[in-house]
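As a plain string of letters, each chain reads:
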Amino acid sequence: MIKPDAVGNGHTGAILNDIIAGGFKIVAMKYIHLSKETAGAFYAVHAERPFYGELVNFMTSGPIVAAILEKDNAVEDFRKLIGATDPSKAEAGTVRNKYAKSIEANAIHGSDSDENAEIEGNFFFSQFERF
Ligand code: CMP
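Residues numbered from 1 in each chain as written. Predicted model: local features only at pLDDT ≥ 70, side-chain atom pairs only at ≥ 80, totals over all residues.

Going by the annotation in an unreviewed UniProt entry, the name recorded for the protein chain is Nucleoside diphosphate kinase, with Parapedobacter pyrenivorans given as the source organism. Within the UniProt record for the protein chain, the comment given under Sequence similarities (unreviewed entry) is "Belongs to the NDK family." (UniProt positions renumbered as here; feature names shortened; annotations may be inferred.)

See the structure below:
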């Protein structure tokens with residue numbers, strides 16, 4: 001997901017360019033404004049964390065871009081492309097280093113395993129929305 005901060009600040013195109021230049025194929029993509037219920041369900045794994053309420057508020061503060069990406073070694077390579085969760089720790093040239101402001105408004109989300117990529121892709125897209 002490209003998060004509401006990056007979409008709102010006009011970075012969607014630049015981030016998609018970085019993703020494509022990084023060798024990822026876009027299999028599915030949509031532009032949506034999450035409801036509290038949908039954002040809460042997506043991040044249910046963090047429901048007990050102290051930042052959960054803020055995270056849900058932030059993720060519903062504006063539209064996002066959700067996508068399924070394909071590449072060999074995609075999860076690991078995507079995490080390298082986007083950089084550390086906390087942008088102050090993200091390496092130079094990474095998406096979060098270039099476009100993120102804080103650990104919450106951190107521009108982009110990437111799945112942390114193949115299993116979660118499957119779950120998160122199924123959360124947003126039907127079989128008829130993948131190409
Ligand atoms: P993301 O990769 O989308 O997965 C969970 C998100 O929770 C994470 O990116 C951050 O944006 C957010 N997050 C993680 N840790 C914190 C924190 N300590 N305070 C606020 N938000 C956090």
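This paragraph deals with the UniProt feature "active site" (unreviewed entry) in the protein chain. UniProt records the feature "active site" (unreviewed entry) for His-109 in the present numbering. In this structure, His-109 sits in the loop between helix 6 (95–99) and helix 7 (114–124). (Helix = DSSP H or I, 4+ residues; strand = E, 2+ residues; numbered from the N terminus.)

Around the ligand, a shell composed of His-46, Phe-51, Leu-55, Thr-85, Ile-103, Glu-104, Asn-106 and His-109 is seen. By residue class, the composition of the shell around the ligand is three nonpolar, four polar and one charged. (Near = placed C-beta within 6 Å. Nonpolar A, V, L, I, M, F, W, Y, C, P; charged D, E, K, R; others polar.)

This paragraph deals with the environment of Ala-39. Mapped onto the fold, Ala-39 is located in helix 3 (residues 36–42). For the pair Ala-39 and Arg-79, spaced 40 residues apart in sequence, the C-alpha separation works out to 21 Å. Once residues lying within four places of it in the same chain are set aside, the contact partners of Ala-39 are Leu-34, Val-56, Met-59 and Thr-60. (Contact = placed C-beta atoms within 7 Å.)

With that out of the way, let us pick up the environment of Lys-36. Structurally, the position occupied by Lys-36 is in helix 3. Take Lys-36: there are 12 C-beta atoms within 10 Å of it, and that puts it in the exposed class. With 24 residues separating them in the primary sequence, Lys-36 and Thr-60 have C-alpha atoms 6.2 Å apart. Setting aside its immediate chain neighbours within four residues, Lys-36 contacts Val-56 and Thr-60. (Buried ≥ 20, exposed ≤ 12 C-beta atoms within 10 Å, placed from the backbone.)

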